[in-house]
Amino acid sequence: MSLGIQLYSVRDDIGPDQLTATLTRLAGFGFTHAEPYDILSDTEGLNAALDAAGLQAETAHAKITELDHERVLDAAERLGIGTVLVPFVPPASIAERDGVLALAAAINALVPVAADRGIRLGYHNHDFEFAQRIGDRTAYDVLVDALDPAVVLELDTYWAAVGGEDVNTLLPRLGERVRFLHVKEDGTNPFDVAEVVGLASALELPVVEVVVHEGDVFPLIERNADFFSGLVRA
């Protein structure tokens, strides 16, 4: 199995004059894929840097329900991205059932539009989807039930746990809906990371995301690459 890196982890090191060198460095750590969080600002520059580094972009974060969805899909198609993931919505917008259903409807409406380009849509969580309750259920559960089954899930394991979810029971319950995992190993997870990765029954790609707000992020990224490479290529 391949291993991805969320480019937000290196957001301070991917300026126009740094992008190719940074992606090449990440490829040297053993990553095979990069997950961009901005595919519109410089699509051609990103495409050239990915090619130069020998990295693929299978997934990307893009607020497709808020942006010009045709521009997003054009960029995704140019980059060879197979899955566009809704990365974030304002927590207040899904604090009530009507808001959750409105979000699901907005995503669902774009499923056939993206499918015509050979692109899937997906959803990436934070903590608030689990912390916010709709009756006796989490907002996340209500959302997943309302989403078209063609919409895949990228489960951010750390944020789900922060939101109060037991990731070890969540993954089997979600089953094949989860195709991508956001994972990290830095001593902050309240679960066994190796066990959690093994619970994703239809996993296509683990995506490492580590966030360091001060200092050099690359040593931690390299340690994560070694750790997860050992899991997915064992």
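Structure shown above.
Small disclaimer: the values here were computed from a predicted structure and weren't measured. (Residues numbered from 1 in each chain as written. Predicted model: local features only at pLDDT ≥ 70, side-chain atom pairs only at ≥ 80, totals over all residues. Heavy atoms only, no water.)

Q: Could you clarify how one ought to interpret helix α8 (residues 167-174) in this entry?
A: Turning to α8, its buried residues number three or more, namely Val167, Leu170, Leu171 and Leu174. Looking straight down α8, one finds its buried side chains confined to an arc of 95 degrees; they lie on one side. In the core, the buried residues of α8 are packed alongside α5 (128-131), α6 (139-146), β8 (152-156), α7 (157-162), β9 (178-183) and α9 (193-199). Between the side-chain oxygen of the N-cap and the backbone nitrogen of Asn168 there are 3.0 Å, and the N-cap of α8 in question is Asp166. Where α8 ends, the next residue or the one after it, Gly175, has phi of about 60 degrees, a positive value. (Buried < 20%, exposed > 50% of the residue type's maximum accessible area, 1.4 Å probe, protein only. Helix = DSSP H or I, 4+ residues; strand = E, 2+ residues; numbered from the N terminus. Arc of directions from axis to C-beta. Contact = heavy atoms within 4.5 Å. Polar contact = N/O pair within 3.5 Å; in protein donor to acceptor, adjacent residues only side chain to side chain.)

Q: Looking at this structure, I do not really get a nonpolar patch on the surface. What am I missing?
A: Together, Tyr8, Tyr37 and Val211 make up an exposed nonpolar region whose accessible area comes to about 240 Å². With respect to the secondary-structure elements, Tyr37 resides in the loop between β2 (33-35) and α2 (43-53). Among the residues examined, Tyr37 registers a relative accessible area of 34% and is labelled partly exposed. (Patch = residues over 30% accessible without salt bridge, like charges linked within 9 Å, V, L, I, M, F, W, Y side chains within 5 Å. Areas by Shrake-Rupley, 256 points an atom, 1.4 Å probe, with all protein chains shown as cover. Salt bridge = Lys/Arg side-chain N within 4 Å of Asp/Glu carboxyl O.)

Q: What's the story with the packing of α2 against helix α3 (residues 69-79) in this structure? I'm lost.
A: In contact at an axis separation of 10 Å, α2 and α3 are set at 20 degrees when each is read in the N-to-C sense. Comparing their axes, α3 and α2 come out roughly parallel. Classified by chirality, the crossing of α3 by α2 is right-handed. Residues Thr43, Glu44, Leu46, Asn47 and Leu50 of α2 form the contact with α3, whose participating residues are Ala75, Arg78 and Leu79. A breakdown of the residues in the contact of α2 with α3 according to their chemical character gives four nonpolar, two polar and two charged. (Axes fitted to C-alpha atoms, helices over the stretch in contact; angles between N-to-C directions. Parallel < 35°, antiparallel > 145°, perpendicular 65-115°, else oblique. Left-handed = near helix turned anticlockwise from the far one by under 90°. Nonpolar A, V, L, I, M, F, W, Y, C, P; charged D, E, K, R; others polar.)

Q: Would you explain the layout of surface pockets in this entry?
A: It is a probe the size of a water molecule, rolled over the atoms, that shows where empty space is left. The space that makes up the largest pocket amounts to roughly 550 Å³. Tyr8, His124, His126, Trp159 and Glu209 are, among the 26 residues lining the largest pocket, the residues nearest its centre. At the level of elements, α7 and β9 are the ones that each hand at least two residues to the lining of the largest pocket. Ranked by residues supplied to the lining of the largest pocket, first place goes to α7 with three residues. Residues belonging to the lining of the largest pocket are distributed by class as follows: 12 nonpolar, eight polar and six charged. The space that makes up the second largest pocket amounts to roughly 270 Å³. Of all elements in the fold, only α1 (19-28) and α2 reach the threshold of two or more residues within the lining of the second largest pocket. (1 Å grid on protein atoms, 1.4 Å probe; cavity = no way out; pocket = protein on both sides within 12 Å on 5 of 7 lines; lining within 4 Å. Points joined across faces, edges and corners; volume = space filled by probe spheres on them.)

Q: How should the nonpolar core be read in this particular structure?
A: One broad trend across soluble globular proteins is that nonpolar side chains are buried collectively. Leu26, Tyr123 and Leu155 are the most contacted members of the largest nonpolar core, which has 76 residues in total. Per-element accounting of this core gives the leading share, seven residues, to helix α4 (residues 97-115). Discounting chain neighbours no more than four positions away, the residues touching Leu155 are Asn125, Phe130, Tyr140, Ala160, Val167, Leu170, Leu171, Val178, Phe180, Leu181 and His182. (Core = buried A, V, L, I, M, F, W, Y, C linked by side-chain atoms within 4.5 Å.)

Q: Explain the pairing of strand β5 (residues 120-124) here, please?
A: Remember that side chains alternate between the two faces of the sheet whenever the strand is regular. For β5, the tally of buried residues reaches four of five residues, placing the bulk of the element in the interior. Pairing analysis gives four bridges linking strand β4 (residues 83-86) to β5, with the strands arranged parallel. Paired with Thr83 across the two strands is Arg120, which belongs to β5. Handedness of the β-α-β unit built from β4, α4 and β5 comes out right-handed. Relative to β8, β5 runs parallel, the two sharing three bridges. Note that in β8 the partner of Tyr123 across the bridge is Leu153. (Pairing = 2+ DSSP bridges. Right-handed = clockwise from strand over helix to strand, strands pointing away.)

Q: What should I look at first to understand the sheet that holds strand β1 (residues 4-6) in this one?
A: Sheets are built from strands that pair by backbone hydrogen bonding, the pairs being arranged parallel or antiparallel. Strand order in the open sheet formed by eight strands is β2-β1-β10-β9-β8-β5-β4-β3, and the pairing between neighbours is parallel. The sheet is open, and its two edges are formed by β2 and β3 (59-61), each paired on a single side. If you compare each strand with its neighbour and ignore which way they point, the axes differ by 30 degrees on average. Direction of pairing for β9 relative to strand β10 (residues 205-208): parallel, over a ladder of four bridges.

Q: I keep staring at the pattern of salt bridges and nothing clicks. Help me out?
A: A side chain with one charge may pair with a side chain of the opposite charge, provided their charged atoms come close. Going through the model one piece at a time under the given rule, you end up with 10 salt bridges. Residue Arg117 pairs with Glu70 through a salt bridge whose shortest N-O separation is 2.7 Å. Note that Arg117 is positioned in the loop between α4 and β5 and Glu70 in helix α3, a separation of 47 residues in sequence. Exposure remark for Glu70: the relative accessible area of 33% places this residue in the partly exposed category. Across the pair Asp186 and Lys184 runs a salt bridge whose closest N-O atoms are separated by 3.6 Å.

By themselves, these figures tell us nothing about what the structure is for.
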